[in-house]
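Spelled out from the first residue to the last, the chains are:
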Amino acid sequence: MQLLTLLIRHSAGMWRWSVLCLVISALAGVAILVIVDAGVDPTLSPEDRHQLLVLGAGATLLYAVVHRQAMQRVCRQFESIIIDLRERLLTRLRHAEFLQAERIDRAAFQSGISAEMRTISYCSPMIAEMLHSAVMIAAITLYIFIHSPLAALCCVAFVVASVAIVAARRVKAEEVFAEASELENVLLGHVGDMMDGSKELRMDDRRAKELSRRVMDVAHDIARRKYVAIDAYVRSVVESQAAFNVLILFVIFALPQITSYSFQLVTIALALMFVAGPVLTIVGSLPSYLGANGAAVNVLALEERLPAPRIVESHGSEGCFDNFRKIHLKDALFGHRGQDGSEFWIGPVNLTIERGRIILVTGGNGSGKSTLLRMLIGLYRLYDGRITVDSMVVEPGSLAQYRKLFAVVFSDNHMFPELYGIQSVDAELARDMLEFLEISDKARMEGRGFSTLELSGGQRKRLALIAAILEKKPICVLDEWAADQEPYFRAKFYGEVLPRLRDLGMTVIAITHDREYLAAADVHWHVERGMVVS
């Protein structure tokens, strides 16, 4: 029922017109039934038949037009729901703390925002037809009740009994489909491993075969579960159709024998024939509904797992920190718990960053260098202590403005296809930097993006540095940027690139393992076990 929850929650104010269209369409369908019922009278004159034909054509036209409107409205509402859900999920992702964002299940999020939404969208026409069929069944049942309350009660009893039987089987099918859906995310994770680790897999076919077997084992498990669900569905379809046939036989042949109540068999038979289509439509569309409902369950569960957005009202003016002279970390402390339950703390840290300086940061693997930088640039919120820019304390309301001071190239930097956030690219500066970083023969600026990103790791890092320079921010942060460069260019980085960045007006903070180039720094920080020791 989660799909209905979505419909009600996201479209409560839009449903009145859709419901009105469904009701009008259902009444037009009943009108066609009444006209056909009147037309089977053999005593009708040709003039009466002509009038009924005109009325029937009009009712059919009204039915078609309003039916189409109803389905279009319902499908549009589903698309509105999908847009709203995607926006809600993306808002939660965008406003999540960086540490929380790192822990989000990538496969589940991508599936939720794409595949699950696609399932709901594809199923929306069939679900719209189910809603229309439900209103039609209600209208025709009311018509039968007018002619024979007893026959109508029998219809309701049969429908309720059939639905109960079918629902019992569908519940089982839905549970199995849900299990299969969870395994789909596991399958996506394994396939992601195959794609991301393609080089490693090609180095040892035993590793590749084992992972391939793991993928296929999950695929077979998904198939087995779906076989069970499909079998339950097939049995429910056959049983519901058989139950409806029993209903017709009972009302036409058995009911007149066990009651003295008089009613028109032809009218009731026609009504039952008319209601057969909507009933079978609902039965046939139930798998689509179950699929869409399962997708809705997964999306809502994903939304629950994502942290609620903490949107802090900004009270810092645009560029309020741009003219800083010094940044201070005062007793800054941060810690986090690893997946194995272990804790890592860095601090308390007391540091000063003076504008225009080149700062090199060294330390062993796992010492806390990258964590220190993420504290400094505001990605990790401090547990204790504070950051001040000159005399201004960086508070939650001014954190967004503080982060804008930094152009960052992370060690696992992601290159976007466009330079988002830069409205006007300095084309001349871009050309100069492409030449200076010796990559103009590999890439060029095209609009707000580079002509290609299909480059080696070191070359991509050079493009990332150019992108950071084009942001024209006062501080450039580089996390092990030189590690991917060849010896010649590594020497150029320390001897020429860092001074060039300073000439461009940038303060530079760079993590490095190249202790032989520490002379290029104005300031040297060394990190050991979460503490800055020099």
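Residues numbered from 1 in each chain as written. Predicted model: local features only at pLDDT ≥ 70, side-chain atom pairs only at ≥ 80, totals over all residues. Heavy atoms only, no water.

Attention now goes to helix 10 (residues 369-376). Burial analysis of helix 10 places seven of its eight residues in the buried class, the great majority of the element. Turning to helix 10, its buried residues are Lys369, Thr371, Leu372, Leu373, Arg374, Met375 and Leu376. After helix 10 finishes, the residue Gly378 shows a positive phi value of roughly 90°. (Buried < 20%, exposed > 50% of the residue type's maximum accessible area, 1.4 Å probe, protein only. Helix = DSSP H or I, 4+ residues; strand = E, 2+ residues; numbered from the N terminus.)

There is a patch of nonpolar side chains on the surface, built from Trp17, Leu20, Ile24 and Leu62 and spanning about 360 Å² of accessible area. The element contributing the most residues to the nonpolar patch is helix 2 (residues 15-39), with three residues. Classification of Leu62 as partly exposed rests on a relative accessible area of 41%. (Patch = residues over 30% accessible without salt bridge, like charges linked within 9 Å, V, L, I, M, F, W, Y side chains within 5 Å. Areas by Shrake-Rupley, 256 points an atom, 1.4 Å probe, with all protein chains shown as cover. Salt bridge = Lys/Arg side-chain N within 4 Å of Asp/Glu carboxyl O.)

We now examine the environment of Asp514. With respect to the helices and strands, the residue Asp514 is situated in the loop between strand 10 (507-511) and strand 11 (523-528). On a C-alpha basis, the gap between Asp514 and Ala276 in space is 79 Å, while along the polypeptide they are 238 residues apart. A distance of 2.8 Å separates a polar atom in the side chain of Asp514 from a polar atom in the side chain of Tyr494. (Polar contact = N/O pair within 3.5 Å; in protein donor to acceptor, adjacent residues only side chain to side chain.)

Among all positions of helix 12 (residues 427-436), only Leu429, Ala430, Met433, Leu434 and Phe436 are buried. Summarising the axial view, the buried residues of helix 12 lie within an arc of 165°, below the 170-degree limit, and thus occupy one face. Of the residues in helix 12, the exposed ones pointing more than 90 degrees away from the buried face are Glu428, Arg431 and Glu435. As for helix 12, its buried residues are in contact with strand 7 (445-446), helix 13 (457-470) and helix 14 (487-503). Where helix 12 begins, one side-chain oxygen reaches toward the backbone nitrogen of Glu428, 3.3 Å away; that side chain belongs to Asp426. One or two positions beyond helix 12, positive phi appears at Glu438, with a value near 55°. (Arc of directions from axis to C-beta. Contact = heavy atoms within 4.5 Å.)

What follows concerns the pairing of strand 10. With five of five residues buried, strand 10 lies mostly within the body of the structure. What you see with strand 10 is no split at all: Thr507, Ile509 and Ile511 on one side and Val508 and Ala510 on the other are buried throughout. Relative to strand 10, strand 3 (residues 358-363) is paired through four bridges, and the arrangement is parallel. Pairing of Ile359 across the sheet is with Ile509, part of strand 10. Here five bridges tie strand 9 (residues 475-479) to strand 10, and the two strands are oriented parallel to one another. (Pairing = 2+ DSSP bridges.)

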